[in-house]
Amino acid sequence: MRCRIRLPLPLLLCLALLLAACGISPGKPMEEAVPLTGQRFLLLGEVHDNADGHARRLALLQSLIAAGARPAIAMEQFDREHQAELTQAMQTCADADCVIRRAAPGRQSWHWPYYSPVIELALQYRLPLLAANLSRQDAARIVREGFAAALDAETRQRFGLDASLPQALLQEQAAVIAEGHCHLLPENLLPGMARAQVARDVWMARTLLASPAAQTVLLAGNGHVRHDLGVPCWLGDAASGTLGIGFLEPDTPAAPYDRAETVAARTDRGDPCGALKR
């Protein structure tokens, strides 16, 4: 369940701990580059605020379904404690707005117009949606107190979290977080934030492994689909049946994905470091 740290750190520009990496040619259709069926787990990344990336990922999902697949879809945007509400909403709601209202009470955290088309697709084809993320509150507890503050004993034992994690993994996670926050975070926060990022990856992996579907798609930030640091590190033997795809902005430094797609343009964010300084 351990990944070897192989490649240099990428530079990151996401404010939410996440990031992106190397790409194939921007104009090459994804369906030509990536087999759409056959993987047990298909991990599809995102830059959270890039509209073109979301559109390309949606097109890939549509192609997957057109090819006959009926995957479960695990989403970072839904927190694990709302799985019951999400399941019920998918059974009773007529549209994505209804699902979001019922299953994402903290919905201001995400730009839901990017995710509503995926939910509409799941409603149309009756695809299960899985709540794959830890809440911010649980992540904050892990930052302060460690894994036991929000992860049960069985999960910690299964993924080896009570043992000493590889220092290379934690150090690179901490470096990614520091870069993503313009090196403005206090150094003493970084180890705890690295644990929280590991915990998110572990829980996403746990969600995938528990899925009864023949194929499960994970929608999450690009950092979570990296095979050196992210969810694939925690899939064990199942990682061999996994394909992780980064959806990357132009001129993004390289990082290890199985495949990558470069989107048309960067989102204009102004000066994110300036916002963090303020």
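Located above this text is the structure these notes cover.
Structural notes, computed from the coordinates.

About the cut-offs
- Residues numbered from 1 in each chain as written.
- Predicted model: local features only at pLDDT ≥ 70, side-chain atom pairs only at ≥ 80, totals over all residues.
- Heavy atoms only, no water.
- Helix = DSSP H or I, 4+ residues; strand = E, 2+ residues; numbered from the N terminus.
- Buried < 20%, exposed > 50% of the residue type's maximum accessible area, 1.4 Å probe, protein only.
- Areas by Shrake-Rupley, 256 points an atom, 1.4 Å probe, with all protein chains shown as cover.
- Core = buried A, V, L, I, M, F, W, Y, C linked by side-chain atoms within 4.5 Å.
- Contact = heavy atoms within 4.5 Å.
- Disulfide = S-S within 2.5 Å.

### A look at the overall build of the chain
Phase 1 of the analysis: Each helix and strand counted, the chain has 11 helices and six strands in total.
Phase 2 of the analysis: Counting across all 278 residues of the chain, residues that qualify as buried make up 54%.
Phase 3 of the analysis: Accessible area for the chain stands at about 12200 Å²; split by element, carbon and sulfur atoms hold 51% of it.

### Things to note about the nonpolar core
The tendency in soluble globular proteins is for nonpolar side chains to be buried side by side.
Phase 1 of the analysis: Of all hydrophobic cores here, the largest spans 40 residues; its most connected members are Leu-161, Leu-218 and Trp-234.
Phase 2 of the analysis: Those elements that place two or more of their residues in this core are strand 1 (41–44), strand 2 (72–79), strand 3 (129–133), helix 6 (136–145), helix 8 (167–180) and helix 9 (190–210).
Phase 3 of the analysis: Top element by residues in this core is helix 9. It accounts for nine residues.
Phase 4 of the analysis: In this view, Leu-218 contacts Leu-42, Leu-43, Leu-44, Ala-74, Ala-132, Met-204, Leu-208 and Val-231; residues no more than four positions away in its chain are not counted.
Phase 5 of the analysis: Within the second largest apolar cluster, 37 residues are counted, among which are Leu-58, Leu-61, Ile-65 and Trp-110.

### Things to note about the state of the cysteines
Phase 1 of the analysis: By the definition in use, this model includes one disulfide.
Phase 2 of the analysis: For Cys-93, the disulfide goes to Cys-98, at an S-S distance of 2.0 Å. Measuring the twist about the S-S bond at about -60 degrees, one finds the Cys-93-Cys-98 disulfide to be left-handed. As far as the burial class goes, Cys-93 and Cys-98 line up, both buried.

Everything listed here is a matter of geometry and, on its own, says nothing about what the molecule does.
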